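Architecture and fold: a report
What follows is the residue order along each chain.
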Amino acid sequence: MKRILFVCTGNTCRSPMAEALLRTLAEERGLQLDIRSAGVSTIDGLPVSKNAQEALSRRGIQHKGASKALETGSIAWSDLILTMTGSHKRQLLQRFPSAVDKTYTLLEFVNTDPEVLERIAELEGILSEWHMNQALGQPLSEAKRARLLELERQMPSFDIEDPFGGPLGVYEQSAAQIQEALKRLLDRLQQ
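Residues numbered from 1 in each chain as written. Predicted model: local features only at pLDDT ≥ 70, side-chain atom pairs only at ≥ 80, totals over all residues. Heavy atoms only, no water.

Some remarks on the UniProt feature "active site" (unreviewed entry) in the chain
Per the UniProt annotation, the sites labelled "active site" (unreviewed entry) are Cys8 and Arg14. Secondary-structure assignment places Cys8 in strand E1 (residues 2-8). Accessibility expressed as a relative area gives 2% for Cys8, which makes it buried. For Arg14, the location among the structural elements is in helix H1 (residues 14-29). Each residue touching Arg14, except ones within four places of it in the same chain, is listed here: Cys8, Thr9, Met84, Thr85, His88, Ile160, Glu161, Asp162, Pro163, Ser174 and Ile178. (UniProt positions renumbered as here; feature names shortened; annotations may be inferred. Helix = DSSP H or I, 4+ residues; strand = E, 2+ residues; numbered from the N terminus. Buried < 20%, exposed > 50% of the residue type's maximum accessible area, 1.4 Å probe, protein only. Contact = heavy atoms within 4.5 Å.)

Points about the pattern of salt bridges
The tally for this structure, following the rule as stated, stands at 14 salt bridges. Residue Glu172 is joined to Arg59 by a salt bridge in which the shortest nitrogen-to-oxygen separation is 2.9 Å. Taken together, the positions of Glu172 in helix H8 (residues 168-189) and Arg59 in the loop between helix H2 (50-57) and helix H3 (72-77) put the pair 113 residues apart, joining distant regions of the chain. Classification of Arg59 by relative accessible area gives partly exposed; the value is 25%. For Glu71, the salt bridge is made with Lys68, and the minimal N-O distance between the two is 3.6 Å. With a relative accessible area of 29%, Glu71 lands in the partly exposed category. Linked by salt bridges that have partners in common, Glu54, Arg58, Arg59 and Glu172 make up one network. (Salt bridge = Lys/Arg side-chain N within 4 Å of Asp/Glu carboxyl O.)

So, in structure tokens, the structure goes:
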């Protein structure tokens, strides 16, 4: 059984919505997954936001749970880690660099555009080289630095905007964006 961990900031909006939505969508398709969520900047036990609960309820989904802080056990447990933004991914990988081969933003992971996937691979290769050079006390070449900046400018946004504190409509938009991405995720997992 594949173990999937969703990660956002406080684990009270986007990642619990993704967790609950994927659990329901996977059940509908008869796919068994173990799904959890956590936050990069939270404490354990905070309730899921009222508007996130309502956005799920409008889809016929009840989610009982509370926030969970991201920790080593969750990283080790997971087969796939999907963050809601690039910032969450960077924060996670700074703390848990060993998770690099299983960590993506949700929108990055479900992207199927071959040109974008090629640019992502090249960007990640340059970033790996840069991190290695930093560890060795060596700079990244000017040509690689220029290519890195060019690739970053060409990259589409892989962020799901934070609805925290917004009206229900903003949560609905976030839930709809997550739900569409999760359908593509399930398609990919079933291939």
